[in-house]
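Each chain is listed here by its residues.
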Protein chains: 2
Amino acid sequence: MEGVDHLAHERNKSEFDVDAMKIVWAGSPHAFVVSDRISKLVASDPGFRKDNRSTLSRKELFKNTLRKAAYAWKTIIDLHLSEEEAAKLRFYVDEPAFTDVHWGMFIPAIKGQGTEEQQQKWLPLAYKMQIIGCYAQTELGHGSNVQGLETTATFDPQTDEFIIHSPTLTSSKWWPGGLGKVATHAIAYALLIVGGREQGVHGFIVQLRSLEDHSPLPGMTVGDIGMKFGNGAYNAMDNGVLRFDHVRIPRNQMLMRVSQVTCEGKYKQSDVPRQLVYGAMLYVRQTIVADASCALSRAVCIATRYSAVRRQFGSQNGGPETQVIDYKTQQSRLFPLLASAYAFRFVGEWLKWLYADVTQRLQANDFSTLPEAHACTAGLKSLTTTATADGIEECRKLCGGHGYLCSSGLPELFAVYVPACTYEGENTVLLLQVARFLMKTVSQLGSSKKPVGTIAYMTRVEHLMQCRCGVQRGFAELSADLVEAAVAHCQLLVVSKFIEKLQQEIPGKGVKQQLEVLCNIYALFLLHKHQGDFLSTGCITPKHAALANDELRSLYSQVRPNAIALVDAFNYTDHYLGSILGCYDGNVYPKLYEAAWKDPLNESVVPDGYHQYIRPLLKQEIRTARL
Amino acid sequence: MEGVDHLAHERNKSEFDVDAMKIVWAGSPHAFVVSDRISKLVASDPGFRKDNRSTLSRKELFKNTLRKAAYAWKTIIDLHLSEEEAAKLRFYVDEPAFTDVHWGMFIPAIKGQGTEEQQQKWLPLAYKMQIIGCYAQTELGHGSNVQGLETTATFDPQTDEFIIHSPTLTSSKWWPGGLGKVATHAIAYALLIVGGREQGVHGFIVQLRSLEDHSPLPGMTVGDIGMKFGNGAYNAMDNGVLRFDHVRIPRNQMLMRVSQVTCEGKYKQSDVPRQLVYGAMLYVRQTIVADASCALSRAVCIATRYSAVRRQFGSQNGGPETQVIDYKTQQSRLFPLLASAYAFRFVGEWLKWLYADVTQRLQANDFSTLPEAHACTAGLKSLTTTATADGIEECRKLCGGHGYLCSSGLPELFAVYVPACTYEGENTVLLLQVARFLMKTVSQLGSSKKPVGTIAYMTRVEHLMQCRCGVQRGFAELSADLVEAAVAHCQLLVVSKFIEKLQQEIPGKGVKQQLEVLCNIYALFLLHKHQGDFLSTGCITPKHAALANDELRSLYSQVRPNAIALVDAFNYTDHYLGSILGCYDGNVYPKLYEAAWKDPLNESVVPDGYHQYIRPLLKQEIRTARL
């Protein structure tokens, strides 16, 4: 069977240039080349093997992750990889680890909130991994409400130190990745108290563990918070708990770019605008949107390939059964997710541009687009992560029973992905922020301040101009409805950016046509799903709704012959996909069969426990058995 | 902290008689007493401890499940439990195991499909667990389409035997629970071949393993199919793979209640109507609907209690923050699920009655209500399992970050529950069956055959009476829309049965009023969710839709003070809930903190792997490290 492409007949059907689409998906020819090279490098190196993860115990899994992280770093050094290539390598290693937080949060926090001096001291250590950092913000009792954190940092002018302390059980730091067992340092957030006055929450660099023997420093009670959802998944990460008992740190370890505490115990603001701090938040959320398209496309790739392999019902005269991808019920669930993967990819690209634009403006002290950028990033983070989490699970269900096996890759993909709905801004909380931005915009519609950019469309809504908006008072009461409005606004963004993408020149035979079909599917699927909103506001008639539905069916038929090629365009290796059901050659059944025998339970024919627990049942000796 | 009820203030708020509601939930005073007694018995016996499941390796988990199954059986015997009590005990032990299949599928299959003689031979052995059975239907390549199974059972008149054989890789039996490591016997489904002619798929009793040493009998290749979704969860079950190599069994081991093969090699039907076989399918699906309300109520109980404990934002003058259950965004997601749990409970009760009714009719050769009963059972299985799987995950998200911890109980509840969407009739396949039933009913509306029972409403839809229904031809093309119609029909059933329940006398102060509120929430939430369907068909106006929405908000306020009591009414022990977030006393944070330290990673302060993989990083010795 080796080497036979069981999906060749599907690939032959496609009507567009897959290689050109790969470049569209990657973003540029350069991005494609880097991504392609690094993904193949990781896939071909047995040091990055990951197919055994689901059967490892917590300790084995964690130790193996430590090994991989070290091995990845060694590879990066040995091959002199650039920063871009190193980031890609960590991405394709595809295992949550303390390094994610070190590179993705600890270093950016120092860059964003540290003074020049602090950056010069700490960044070289961090870049060489002479120290390993984590990001200790959330507490056992406090997540979304950062201003409610209980940890205190009290300035002691006598010693020129801060005393970091956890006054209550609920103030224990809880969740930070890398904290539990690995990090030597943390950016810890705490309520600053200077001269008896509370000055809000600030970040502090705190050393956690000895650099000699890794033991926790005095005053630190630190450990792992325990098992999390799923096999493998985030159990490779040492999310941690930390209690401070009057831990002293030098004054210069408060991150002081925006506010300072002087040695005399004076609290003051620098001339660096506060708003700069938002930059880091925008950056992280923007990457989460990009990651959403990766995770969703991965699940869609698995489900699409397997739907072409799997056959059920419809055999004619003893011939083969129908491929499940040919059923309209399967198409109507799968193809909108395929379209979503592409839609999220493009809106993610746009968000990356928006982030670059707003960063440039912030540096020029232009804060005018910040509220809009914040609303876009928060809203799209919420929308894409919710849709992706649901979409992965839908793809798993679309794979029928076999999707429930770990070897399908989908259970772990789901378990690894879902926390994205909660971290870096809980999704409902974020939508409420978008709603507040929208309500503010509406309330200003009558004024001279005309909305521009992504909210310019509001000026076209005549009746809004005449509204006396009562929401300002009853916001909390109407919040569930406002969340729906915020989602609608964000969906408009996704659709608009997809359409804008199609207005650009896109080379490659048939590539643009395929994207047009996907864009129409995305838009019409949404219209169908939310037809109540369109109908109740009189935007469409029932006749329109029915026509949209007819058109959707026709679009599904147009995607069908191109479906496999459209997921091939993601250019994922079998290693990265990590799914027997999604393997490139479609040779699913022999691989499933072989993989089964590797389960630890199959190490012996008669299971451990037979003599104590099964035989006494069968032999009717249970009453005297020792259990 | 021990002994303090942190939710007492919530319990004091409630406006109804919780004890009376407990009896409504249980179904009867008798059912309450049995359930209450057995759940407490299990909860108080350390032999049934389950809080350590997520950290066990596959082999440890499986062995522990074998022990529990044996211990449960010993308890049942020692305490002389009745069949009803024994079933409850297995339910509250709350761990998937081979015994589920033995009692829930193997024995019912023999009862339903075996002749009197076969029942007399096999049932006593099974009842005493002298043999342990599984149900080997699905194959690696075949699930929903039972008639497409490839395993063959060829009659050999020379020896009066059947030869059971797996002709291909895809014909390997795949998924049967208990098959992998435990079962001594299977009901194996195979294509019957008599005298060279195929006679459809039938069930056969096949011995798998020696009753002396548990080794597989000659011709059997049998093992476990590997890890499945989640920590603990269904990994306690040995779902198996089995290949037959010309295995011979006596002729009298074909289940012959409906069809027989004579020793001369003649295939014939008995005078027992084929339709009787459907009885078993109805029975199993009916229990799945009952189980849905259990699983959903469990998740809702956890999320509701935790939402009352958790506070975030809204602190006034340094006072406590707002309980998250007081946010409308939380209520609008949580309370419809609370209402759904009750709705599914009552429709489950009705389905139990329907099953009893149809069984009685079948025994009297009255098949008239069978198609309707089949449609109701299939549709409600699909609707309730989909809603429950989604609802559990929604409850997990409603618990914020901490819902992602295994100690919240929700990850395992989800992972254990989701296969219900796929097994015993894949949910989309079932909805298509309902759609076919509905289309058939519509096509007969003009005839003299008037629809009765759950489809009687169709006669009231005037325009349907004049329809020339074109769906018969274009069924496959329109299948996605037909699935939506089927869901709507099933939702109508759920709402109707909830309303019918409220027309009965329901004792207890305030009990009926609370149920009325929940019923209205359920109905109006659906109306809101599907307002597009109501608007496009002119059933409601946009004004109505807005009014419904206002009313929903008001209903949420009415539920709010009763929310904790409404989940207390499920009468779940902390053991059964298996969730720190959902514990009865609401003392969440100290328990989370304590549980964390039990993780295997916390056995040592410095983690295993530090010297090999962390220290070389910090000491800049990675290039020479052995990784």
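Scoring rules and cut-offs
- Residues numbered from 1 in each chain as written.
- Chains lettered and ligands numbered in written order.
- Predicted model: local features only at pLDDT ≥ 70, side-chain atom pairs only at ≥ 80, totals over all residues.
- Heavy atoms only, no water.
- Contact = heavy atoms within 4.5 Å.
- Salt bridge = Lys/Arg side-chain N within 4 Å of Asp/Glu carboxyl O.
- Polar contact = N/O pair within 3.5 Å; in protein donor to acceptor, adjacent residues only side chain to side chain.
- Helix = DSSP H or I, 4+ residues; strand = E, 2+ residues; numbered from the N terminus.
- Nonpolar A, V, L, I, M, F, W, Y, C, P; charged D, E, K, R; others polar.
- UniProt positions renumbered as here; feature names shortened; annotations may be inferred.
- Pairing = 2+ DSSP bridges.
- Buried < 20%, exposed > 50% of the residue type's maximum accessible area, 1.4 Å probe, protein only.
- pLDDT = per-residue confidence, 0-100.
- Phe/Tyr/Trp six-rings, centres within 6.5 Å; stacked < 30°, edge-to-face > 60°.
- Lys NZ or Arg CZ within 6 Å of the ring centre and 35° of its normal.
- 1 Å grid on protein atoms, 1.4 Å probe; cavity = no way out; pocket = protein on both sides within 12 Å on 5 of 7 lines; lining within 4 Å.
- Points joined across faces, edges and corners; volume = space filled by probe spheres on them.
- Least-squares fit on C-alpha atoms with pLDDT ≥ 70 in both.
- Axes fitted to C-alpha atoms, helices over the stretch in contact; angles between N-to-C directions.
- Parallel < 35°, antiparallel > 145°, perpendicular 65-115°, else oblique.
- Left-handed = near helix turned anticlockwise from the far one by under 90°.
- Arc of directions from axis to C-beta.

Visitor: Which residues make up the interface of chain B and chain A, and what values go with them?
Guide: On the chain A side, the residues contacting the 132 residues of chain B number 133 residues. Counting the contacts that link chain B with chain A gives 14 salt bridges. Notably, a salt bridge pairs B:Asp481 with A:Arg553, separated by 2.8 Å at the nearest N-O pair. Remark: the boundary between chain B and chain A carries 62 residue pairs in polar contact (both at pLDDT 80 or more). Element by element, the count of residues in the side of chain B that touches chain A is highest for helix H4 (residues 58–78) of chain B, at 12 residues. Its residues placed into classes, the side of chain B that touches chain A shows 60 nonpolar, 38 polar and 34 charged.

Visitor: An account of the UniProt feature "domain: Acyl-coenzyme A oxidase N-terminal" (unreviewed entry) in chain A is needed here, citing residue identities and associated values.
Guide: With numbering matched to this structure, UniProt assigns "domain: Acyl-coenzyme A oxidase N-terminal" (unreviewed entry) to residues 17–132 of chain A. As annotated, residues 17–132 of chain A comprises 73% helix and 0% strand, and the C-alpha atoms at either end are separated by 45 Å.

Visitor: Tell me about the sheet that holds strand S4 (residues 173–174) of chain A, and name the residues and values.
Guide: All names here are of chain A. Ordered in space as S4-S8-S7, the 3 strands form an open sheet in which the pairing is antiparallel. Two strands bound the open sheet, and with one partner strand each, they are S4 and strand S7 (220–224). The pairing of S7 with strand S8 (residues 240–244) spans 5 bridges and is classified as antiparallel. Residue pairing for S8: Met 220 is matched across the bridge by Phe 244.

Visitor: Can you explain the pairing of strand S8 (residues 240–244) of chain B? Please cite residues and give values.
Guide: Residue and element names in this part refer to chain B. The element S8 is largely enclosed, with a buried count of 4 among its 5 residues. Taken together, the 2 bridges between strand S4 (residues 173–174) and S8 define a ladder with antiparallel strand orientation. Residue pairing across strands places Trp 174 opposite Val 241, the latter belonging to S8.

Visitor: Describe unusual backbone geometry, listing the residues and the values that go with them.
Guide: Residues and elements named next belong to chain B. Not every positive phi belongs to a glycine, and His 80 is a case in point at roughly 50 degrees. By the secondary structure assignment, His 80 is in the loop between H4 and helix H5 (83–93). Of note, the phi angle at Asp 160 is positive, near 60 degrees, even though the residue is not glycine. Relative to the helices and strands, Asp 160 resides in the loop between strand S2 (152–156) and strand S3 (161–165). Looking at Asp 160, the relative accessible area reads 26%, which means it is partly exposed.

Visitor: Explain the confidence of the model for chain A to me, using residue names and the numbers behind them.
Guide: Mean pLDDT over chain A stands at 95; residues scoring 70 or higher make up 98%. The ipTM, which scores confidence in the relative placement of chains, is 0.97 for this predicted complex, and the corresponding pTM is 0.98.

Visitor: With reference to specific residues and values, describe the packing of aromatic side chains.
Guide: If you walk through the whole model with that rule in mind, you get 52 aromatic pairs over all chains. An angle of 85 degrees between the planes, with centres 6.2 Å apart, marks the rings of A:Phe229 and B:Phe414 as edge-to-face. With A:Phe229 in the loop between S7 and S8 and B:Phe414 in helix H11 (residues 410–417), the pair connects residues from two separate chains. One Lys or Arg, B:Arg243, reaches over the ring of A:Tyr593 and ends 5.7 Å from the middle of that ring.

Visitor: A description of empty space enclosed by the protein should follow, citing residues and the corresponding values.
Guide: To locate leftover empty space, one rolls a probe as large as a water molecule over the atoms. Scanning the entire structure with this criterion turns up 6 cavities of 30 Å³ or more. By volume, the largest cavity amounts to about 230 Å³. Taken together, 24 residues form the lining of the largest cavity, with A:Ser54, A:Leu56, B:Ser54, B:Leu56 and B:Met227 sitting closest to its centre. Elements represented by at least two residues in the lining of the largest cavity include exactly helix H4 (58–78) of chain A together with H4 of chain B. The class makeup of the residues in the lining of the largest cavity is 6 nonpolar, 14 polar and 4 charged.

Visitor: Describe the relation of the copies chain B and chain A, and please don't skip the residues or the numbers.
Guide: Superposition of the two copies of the chain requires a rotation about an axis and a shift along the axis. If you rotate chain B by 180 degrees and push it 0.0 Å along the axis, it lands on chain A with an RMSD of 0.0 Å. A rotation of that kind, with that shift, is consistent with a two-fold axis. Across chain B, the smallest distance between a C-alpha and the rotation axis is recorded for B:Gly532, namely 1.7 Å. Same-surface contact between copies: 100% of interface residues of chain B are shared with the interface of chain A.

Visitor: Describe the pattern of salt bridges, with residues and values.
Guide: What the rule picks out here adds up to 73 salt bridges over all chains. Note that A:Asp5 and A:Arg11 form a salt bridge whose closest N and O atoms lie 2.9 Å from each other. By relative accessible area, A:Asp5 is classed as partly exposed at 27%. One salt bridge in this structure joins B:Glu95 and B:Arg53, with 2.6 Å as the shortest N-O distance. With a gap of 42 residues between them, B:Glu95 in the loop between H5 and helix H6 (98–113) and B:Arg53 in the loop between helix H3 (29–44) and H4 connect regions that are remote in the sequence. When its relative accessible area of 9% is taken as the criterion, B:Glu95 is described as buried.

Visitor: Outline the packing of helix H8 (residues 276–309) of chain A against helix H9 (residues 328–363) of chain A, listing residues and values.
Guide: All names here are of chain A. Look at H8 against H9: their axes get within 8 Å of each other, and the N-to-C directions meet at 160 degrees. The angle between H8 and H9 places the two elements in the roughly antiparallel class. Here H8 runs over H9; the crossing is left-handed. Tallied by class, residues from the contact of H8 with H9 come to 19 nonpolar, 9 polar and 2 charged.

Visitor: Which residues make up the sheet that holds S8(B), and what are the values?
Guide: One open sheet accounts for 3 strands, arranged S4-S8-S7 (chain B); its pairing is antiparallel. Edge positions in the open sheet fall to S4 and strand S7 (220–224) of chain B, since each of these has one partner strand only.

Visitor: Quick one: what's the story with the environment of A:Phe346, residue by residue and with numbers?
Guide: All names here are of chain A. Mapped onto the fold, Phe 346 is located in helix H9. Considered as a pair, Phe 346 and Glu 161 are 185 residues apart in the sequence and their alpha carbons are 48 Å apart. In contact with Phe 346, other than residues within four places in its own chain, are Val 24, Phe 498, Lys 501 and Leu 515.

Visitor: Describe the UniProt feature "active site" (unreviewed entry) in chain A, naming the residues involved and giving the relevant values.
Guide: Residue and element names in this part refer to chain A. Here, the residues flagged by UniProt with the feature "active site" (unreviewed entry) are Glu 424. Here Glu 424 shows up in the loop between helix H11 (410–417) and helix H12 (427–443). Residue classification places Glu 424 among the partly exposed positions, given a relative accessible area of 25%. Once residues lying within four places of it in the same chain are set aside, the contact partners of Glu 424 are Met 105, Val 284, Arg 285, Ile 288, Lys 381 and Leu 430.

Visitor: Go over the environment of A:His9, please, and point to the residues and values.
Guide: All names here are of chain A. Tracing the chain through its elements places His 9 in helix H1 (residues 8–13). By relative accessible area, which is 37% here, His 9 ends up partly exposed. Put simply, His 9 and Leu 61 are 52 residues apart on the chain and 39 Å apart in space, counted from C-alpha to C-alpha.

Visitor: If you had to explain H11(A) to someone new, which residues and values would you point to?
Guide: A large share of H11(A) lies buried, amounting to 7 of its 8 residues. Looking at H11(A), one finds that the buried residues are A:Leu410, A:Pro411, A:Glu412, A:Leu413, A:Phe414, A:Ala415 and A:Tyr417. In the core, the buried residues of H11(A) are packed alongside H8 and helix H10 (370–398) of chain A together with helix H10 (370–398) and H11 of chain B.

Visitor: Tell me what's going on with the side chain of A:Ser171, and back it up with residues and numbers.
Guide: All names here are of chain A. Looking at the element boundaries, Ser 171 is found in the loop between strand S3 (161–165) and S4. Under the relative-accessibility criterion, Ser 171 is labelled buried at 0%. At 2.6 Å, the side chain of Ser 171 and the backbone oxygen of Thr 168 are in polar contact. Other than its neighbours up to four places away in sequence, Ser 171 contacts Glu 139, Glu 150, Thr 151 and Ser 166.

Visitor: How would you summarise the packing of helix H2 (residues 18–26) of chain A against helix H3 (residues 29–44) of chain A if you had to cite specific residues and measurements?
Guide: Residues and elements named next belong to chain A. Orientation of H2 relative to H3, taken along the N-to-C sense of each, is 95 degrees, at an axis distance of 7 Å. The orientation of H2 with respect to H3, classified from their angle, is roughly perpendicular. Within the contact between the two elements, H2 uses Lys 22, Ile 23 and Ala 26 and H3 uses Pro 29, Ala 31 and Phe 32. Residue composition of the contact of H2 with H3, grouped by class: 5 nonpolar, no polar and 1 charged.

Visitor: Can you tell me about helix H5 (residues 83–93) of chain A, naming the residues and giving the values?
Guide: All names here are of chain A. Within H5, burial applies to Glu 85, Ala 86, Leu 89, Tyr 92 and Val 93. The buried residues of H5 all sit within an arc of 130 degrees when viewed along its axis, so they share a single face. Residues of H5 that are buried make contact with H3, H4 and helix H20 (574–577). Of the residues one or two after H5, Asp 94 is the one with positive phi, at around 60 degrees.

Visitor: Lay out the environment of A:Gly230 in plain terms, naming residues and giving numbers.
Guide: On the secondary structure map, A:Gly230 appears in the loop between S7 and S8. Judged by its relative accessible area of 1%, A:Gly230 is buried. Between the alpha carbons of A:Gly230 and A:Leu413 there is a distance of 9.2 Å; along the sequence they are 183 residues apart. If we ignore the near neighbours within four places in the chain, the residues touching A:Gly230 are A:Asn235, A:Ala415, B:Gly230 and B:Asn231.

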